[in-house]
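Coordinates in review
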Amino acid sequence: GENVEQHPSTLSVQEGDSAVIKCTYSDSASNYFPWYKQELGKRPQLIIDIRSNVGEKKDQRIAVTLNKTAKHFSLHITETQPEDSAVYFCAASIAGNQFYFGTGTSLTVIP
Amino acid sequence: GAGVSQTPSNKVTEKGKYVELRCDPISGHTALYWYRQSLGQGPEFLIYFQGTGAADDSGLPNDRFFAVRPEGSVSTLKIQRTERGDSAVYLCASSRGWGNEQFFGPGTRLTVL
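Scope of this entry: the structure provided in the associated data block. Predicted model, so just to flag it, every value in this text is computed and none were measured. (Residues numbered from 1 in each chain as written. Chains lettered and ligands numbered in written order. Predicted model: local features only at pLDDT ≥ 70, side-chain atom pairs only at ≥ 80, totals over all residues. Heavy atoms only, no water.)

**Regarding the state of the cysteines**
Counted under the stated rule, the structure contains two disulfides over all chains. Here Cys23(A) is linked by a disulfide to Cys90(A), with a sulfur-sulfur distance of 1.9 Å. Across the disulfide from Cys23(A) to Cys90(A), rotation about the S-S bond amounts to roughly -100 degrees, and the bridge is consequently left-handed. Placement of Cys23(A) in strand β3 (residues 19-25) and of Cys90(A) in strand β9 (residues 86-93) is noted, with a sequence separation of 67 residues between them. For Cys90(A), a relative accessible area of 0% corresponds to the buried category. One disulfide in the model links Cys23(B) with Cys92(B); its S-S distance is 1.8 Å. Negative torsions about the S-S bond denote left-handed disulfides, and the value of about -65 degrees found for Cys23(B) with Cys92(B) makes this one left-handed. With Cys23(B) in strand β3 (residues 19-24) and Cys92(B) in strand β9 (residues 88-95), this residue pair connects regions lying 69 residues apart in the sequence. According to the relative accessible area criterion, Cys23(B) is buried, its value standing at 0%. (Disulfide = S-S within 2.5 Å. Helix = DSSP H or I, 4+ residues; strand = E, 2+ residues; numbered from the N terminus. Buried < 20%, exposed > 50% of the residue type's maximum accessible area, 1.4 Å probe, protein only.)

Take a look at the structure:
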């Protein structure tokens, strides 16, 4: 089955700086890659996603890049704000069937 | 409905007991997923329904776990002979189908004593 690895496990940045979280996947058949934000005690919420036919996608301060050859994808958050502090999960899916999640990155934005 | 709902929000049971966890997806969402999340971990895929049928149940850890979705809407996750290792938050999510956003429910926190 699919194996998704996520790094780093914790990340602290100063407010206004950028944050980058990286994930790798093992199954070349995976073709959908969502990113979720989970605040303490709350449910995961989708923040951005990318399909395998696209190399990059951007939504305001958030962007995701995908390298299919290397089987890795990354989340980029620019101009970080304290409310960006949360746990972020990447996931990989084959046509929306199973979703395999990374182990999460705890992001702390220091004011 | 307004969102995915799950009941109960918390369930405490004794080892060896049977439990049922319920998920009400967003109306019209054909895809429904069950996950298990342990502290400090990402959600672990259990089973995926497309309509009434289990399209993929490869994530169910063993035959003590079973899930149904008889009318293509509400789903129930059933765990027999619970073990302490089953303690986790069980999350349900629904979507319109592939490539569409999954909306997660608030989860059921299961504690097996």
